[in-house]
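Chain and residue survey
Residues per chain, in single letters:
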Amino acid sequence: MSIRKMWAVLVKESRHIWRDPATLVLLLLAPVLLMIIMSYALVADIREVPIAVLDFSQSQTSRQLLATLANSQDVVINRTVAGYTEAERLFDRNQIKALVVIPPEFATALSSGRPVQIQILVDGTDPTTAEHVITHVVGRSRMFGYNIALKTLPAQISRLTASQWIDLRPRTWYNPNLKNTHGIVPAMIPLVLSLPALAVMNALVREKEYGTLEGIFATPLGRSELLIGKLIPYVLTGLISAVLCALTAVQVFGVPFNGSLGLFVILAVDFLLASFSMGIFMATFISSQAASSVLGLLVFLFPGFFLSGIFYPVASFPDLVKEESQWLPSTHFVAIVRGLMVKGQGLTALYQPALMLLALAVMMTFLSVFFFKKRLK
Amino acid sequence: MLYRIWYLITKELLQLARNRIFGPLVLIGPLLEMSLVAWATAAPIEHLSTAIVDLDRSAESRALLTALHNTDTFDFNYYLTTPPQVTAYIEDGRAVAGIVIPADYSRRLANPQAEPPEVAFILDGADPISAREALNSAQGVVKHLNQQLFTEANPGQSADTTLVQPRLRVRYNEEMKKSIYTVPSEMGLILFAIALMVASIAIARERELGTLEQLMVTPIRRLELILAKSIPAVLLGYLVFLSMLGVAIWGFSVPMRGHWGLLLAVSFCFILIELGFGLMISAYAQNQTQGLMLAFTWVMIEFFFSGYGVPVETMPDILQKIAPIFPIYHYMIIFRGILLKGVGLAAFWPHLLVGLAIGSVVLTLAVWLLGRQTWE
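These figures come from a predicted structure and were not determined experimentally.

1. Overview of helix α10 (residues 222-251) of chain B
Look at α10(B): 42 Å from first C-alpha to last across 30 residues, which is about the 44 Å you get at 1.5 Å a residue. A positive backbone phi angle near 40° is found at B:Ser253, which sits one or two residues after α10(B).

2. Brief notes about the pairing of strand β3 (residues 97-101) of chain B
Residues and elements named next belong to chain B. For β3, the tally of buried residues reaches 5 of 5 residues, placing the bulk of the element in the interior. Where burial is concerned, the two faces of β3 agree: the one with Ala97, Ile99 and Ile101 and the one with Gly98 and Val100 are both buried. Bridge count between strand β1 (residues 48-54) and β3: 5 bridges; the pairing is parallel. Paired with Ala51 across the strands is Gly98, a residue of β3. Bridging between β3 and strand β4 (residues 118-124) involves 4 bridges; their strand directions are antiparallel. Paired with Gly98 across the bridge in β4 is Ile122.

3. Considering the domain arrangement of chain A
When its domains are assigned, chain A resolves into domain 1 (3-43 + 181-371) and domain 2 (49-162). Centre-to-centre separation of domain 1 of chain A and domain 2 of chain A, based on C-alpha positions: 50 Å.

4. Side note on the packing of helix α3 (residues 60-70) of chain A against helix α6 (residues 127-152) of chain A
Residues and elements named next belong to chain A. Running from N to C, α3 and α6 point in directions that differ by 135°, and their axes come no closer than 9 Å. Considered as vectors, α3 and α6 are oriented oblique to each other. The two elements α3 and α6 meet at a crossing, and its hand is right-handed. Here α3 contributes Leu65, Thr68 and Leu69 to the contact with α6, which in turn contributes Val137, Arg140, Ser141 and Phe144. Along the lines of polarity and charge, the residues of the contact of α3 with α6 split into 4 nonpolar, 2 polar and 1 charged.

5. Here we look at the nonpolar core
Formed by 202 residues in total, the largest nonpolar core has its most connected members in A:Ala98, A:Val100, B:Ala193, B:Ile194, B:Ala195 and B:Leu196. Tallying contributions element by element places helix α7 (residues 178-200) of chain B first for this core, with 15 residues. In this view, A:Val100 contacts A:Ile51, A:Val53, A:Leu69, A:Ile118, A:Ile120 and A:Val137; residues no more than four positions away in its chain are not counted.

Analysis parameters
- Residues numbered from 1 in each chain as written.
- Chains lettered and ligands numbered in written order.
- Predicted model: local features only at pLDDT ≥ 70, side-chain atom pairs only at ≥ 80, totals over all residues.
- Helix = DSSP H or I, 4+ residues; strand = E, 2+ residues; numbered from the N terminus.
- Expected span 1.5 Å × (residues − 1).
- Buried ≥ 20, exposed ≤ 12 C-beta atoms within 10 Å, placed from the backbone.
- Pairing = 2+ DSSP bridges.
- Domains from an automatic or database assignment.
- Axes fitted to C-alpha atoms, helices over the stretch in contact; angles between N-to-C directions.
- Parallel < 35°, antiparallel > 145°, perpendicular 65-115°, else oblique.
- Left-handed = near helix turned anticlockwise from the far one by under 90°.
- Contact = placed C-beta atoms within 7 Å.
- Nonpolar A, V, L, I, M, F, W, Y, C, P; charged D, E, K, R; others polar.
- Core = buried A, V, L, I, M, F, W, Y, C linked by C-beta atoms within 7 Å.

What follows is the structure in structure tokens.
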């Protein structure tokens, strides 16, 4: 392998990127832009869920309960319905997520100290939102009853407090309020960097589709010089994007950067090499940009979303999928970015994913050089 | 006009058939991917690696640990001897949760009125979604144990003495299974992404190869060209849709409570609308790489308006206001509505109308962009 020949390919490929400003902008800025939009959408914690009430009691007590329920940003009572059919229609149209039904005897029962049931109908289609509504509505209405009991029936209260036997003391590290921001924003970096990986794959396929690869075959260039020369300019643009993305996470979303920047850069290169060489490997088997686009979706985008541990922890996958996710560079980089930025981990804690990425990079490069036959069809 | 379109469709189909990888990839790839993703995410979040320190080693402390273990949320991978070790295990990521039972646990539990025993529960907040799941699970276990202990100590008395007693009824998804929500989202997203991708390079390819100019000097009109380009893509997209729907309903038991004809018709409309977006990108892009990157970017943004990660209703106001621009936002509401709630046209016609309006605007833009770029 000669450095000079590789350099020639590198310069040619850089000119390709540089000459087409639209592609360059897409390559450098699209990841950052995506990062901002996606993080902005995802860091929102669930709040202001619309609910409706059906108040058969129409009393001062029932209005007090409703005021208690509305007294936060967790749920919003935006409809008062007159009957079940109206509520049914609102459920169907997705305009409310829950209905609270207060029975006619609500006020009289409470004033005489008898327990009373209220009915809560919840739309279970989205279990996460449903759980949020249940926690807040149930919690607040129990608290409401508790406060009334405190005034009228102090004898029962002592029994209630006695039910506190074991005291669970949760302590959450790195992210005390369990906000999505700290966990999810850094994990977006591997995802948006699948964009340059797609561009790399496409760059090789394009030469095949145009037939310009045949011209290159006629030169004394070796396979590894060609492939590595093609890879390096994209690693550089990818690295710029990676640093810009990390900067965005810290500056715009206030994610802490507890680890070392040098290590971040090194491991980002590690990740880019792994995912790009994977792109090159796939490119050796296909010859049209249409196919490379679909393959890019199937290999980079969807697994990046669903299987790399951003929304679902890898630990709860079935074994086969768990193994498959080990083959995805983004799975390892999600672990690295979270560990490095949020927890401030160093190489001693991160050597395992770092080595896996390196192994993937070496193996994929080797395989693509092996399968990339330098011959005319 | 019809025969001109027909010739172009034949040409497109021939090109499709000649590319031996593309067709099978588009037809089988999404199906496999959806099955894999649905399979991976169907299970609830569980088997989180947990470190345990039990300084008490009594029957009571074991009962607590067994109760926690029975939830399947925690895998007790590490039994440690001192609390600081838990710190180290969470720091380097070997464990995401730690439970420390103090030495006086059983002694204090015998007389909780004086001082209830404290159990430390340490969580790694770097992955907030898992951490929240672990916290809910542990709190549920402790609450249940507390009630049990109370009933044992005060036989005959109900632990639930609250005056206001909420009674829950969950509709449409009684067991609150997450997969019923996530599988349709994953399916819709994969379908939209594939339709967009296929369309986004259709015209860009002709432009890149220079064959667009040849097409432009034929009597074919711009609208005809766009229609001819979209028909093979619609066929492919619809086939993909039908096979994925089959897998979702029969493979992952997503309920189908609505009208089949309605579901199939509305889905067809929305595949067309999404294709319109792809063709617009395609008419704008100078080459296939640009088309690809733009489509990829668009898909990633659309992902967030499908409600997969967080529901759209809880996003910041600006994002809620722009959500209706994205066809997937409307489609997911309609798709889930028909599948899970069994609603009819009366419930979602505004969304369908907005979707169709977007579709016609986008198609007009595509025709306009095609002309502008060609005659420059």
